[in-house]
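# Architecture and fold: a report
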Amino acid sequence: MVSSCLSNKRCTYIHENENEPTRGAIDIHHVIINGSRVTGYARLRWLAFFLVGFAILLGKDNPVRTLSWSCLLSGFFVMIQSRKFVKKESVIIMPTFGIQLETQYLSGKTVSRFIPIGKILKPVLVECVTPVTCYWSLSLFLRGEEQLALVFKELRPSLKMLVPIWKALCAVSGTDQREMMTEEEHVVAG
């Protein structure tokens, strides 16, 4: 059952709550790339096939060699393009066990990572600034690791989409959101 949904130009956020008997057991958050971007990648692959076919028709010196190279290059191009692009990233929160982070690619490949609940110290919203752009990221402080663990490795959802996920992670990890917000206000004011 979908309980909330947010959307912008690039992606859509969907929050799923399970049925009444399992309420509170599993909390699922999805960030999905909008269809126009996904179909744009598919169009790009078909354009590559068309260009390779056109090159075959124009190749007059050795058609067998032209065909073999074009098939090899188009297959390689499609493989690279389909593996690189993300279709959906999900955060599955199981309060007694931990958090599962899933990334689903256009090729159908799914990469999952499970983080036990005892390993999570604190979820944080981080503002990432580069020379070209500025965006928000949701990260986790993990026990025994020096670096932050990114929740969304490929996508960059907006802050409106990250806040409900951050609140759910705070509730599961036992950190108080209000305390974190007041600490942040003191740092900004001081």
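Listed under Pathway (unreviewed entry) in UniProt, the entry text for the protein chain is "Glycolipid biosynthesis; glycosylphosphatidylinositol-anchor biosynthesis." One UniProt comment on the protein chain, placed under Sequence similarities (unreviewed entry), says "Belongs to the PIGH family."

## Quick notes on the overall build of the protein chain
Within the protein chain, the secondary structure is distributed over four helices and nine strands. Ordered by position from the N terminus, the helices and strands of the protein chain form the series β-β-β-α-α-β-β-β-β-β-β-α-α. Looking at the 190 residues of the protein chain, the share that counts as buried comes to 31%. Sequence-distant contacts in the protein chain: of pairs separated by 6 or more residues, those separated by 24 or more amount to 42%.

## Observations regarding the pairing of strand S8 (residues 134-142)
One face of the sheet, then the other: side chains in a regular strand alternate in exactly this way. Of the strand pairs in this sheet, strand S7 (residues 120-129) and S8 are connected by nine bridges, and their pairing is antiparallel. Note that in S8 the partner of Val-126 across the bridge is Ser-137. In textbook terms, the turn of a hairpin is the stretch between consecutive antiparallel strands, and for S7 and S8 this stretch comprises four residues. Direction of pairing for S8 relative to strand S9 (residues 149-150): antiparallel, over a ladder of two bridges. Considered in S9, the bridge of Leu-140 is made with Ala-149. Counted between consecutive antiparallel strands, the loop separating S8 from S9 contains six residues, among which Gly-144 sits at a positive phi close to 85°.

## A word on the pattern of salt bridges
For the structure shown, the criterion picks out two salt bridges. Residue Lys-119 pairs with Glu-145 through a salt bridge whose shortest N-O separation is 2.9 Å. Highlighted residues: Lys-119 in the loop between strand S6 (110-116) and S7 and Glu-145 in the loop between S8 and S9, separated in sequence by 26 residues. Its relative accessible area of 29% is what places Lys-119 among the partly exposed residues. Overall, the relative accessible area of 34% leaves Glu-145 in the partly exposed class. One salt-bridge network, in which partners are shared between bridges, spans Arg-113, Lys-119 and Glu-145.

## Here we look at the packing of aromatic side chains
Using the criterion set out here, one finds zero aromatic pairs in the structure. Arg-156 extends its terminal NZ or CZ atom over the ring of Tyr-135, reaching a point 3.8 Å from the ring centre.

## Examining the sheet that holds S9
The strands making up a sheet are joined through hydrogen bonds of the backbone, oriented either antiparallel or parallel. With antiparallel pairing, the three strands of this open sheet are ordered in space as S7-S8-S9. Looking at which strands have only one partner, the edges of the open sheet turn out to be S7 and S9. The strands that helix H3 (residues 159-173) touches are S7 and S8; relative to S7, the one it contacts most, it runs at about 160°.

Rules behind the numbers
Residues numbered from 1 in each chain as written. Predicted model: local features only at pLDDT ≥ 70, side-chain atom pairs only at ≥ 80, totals over all residues. Heavy atoms only, no water. UniProt positions renumbered as here; feature names shortened; annotations may be inferred. Helix = DSSP H or I, 4+ residues; strand = E, 2+ residues; numbered from the N terminus. Buried < 20%, exposed > 50% of the residue type's maximum accessible area, 1.4 Å probe, protein only. Contact = heavy atoms within 4.5 Å. Pairing = 2+ DSSP bridges. Salt bridge = Lys/Arg side-chain N within 4 Å of Asp/Glu carboxyl O. Phe/Tyr/Trp six-rings, centres within 6.5 Å; stacked < 30°, edge-to-face > 60°. Lys NZ or Arg CZ within 6 Å of the ring centre and 35° of its normal. Axes fitted to C-alpha atoms, helices over the stretch in contact; angles between N-to-C directions.

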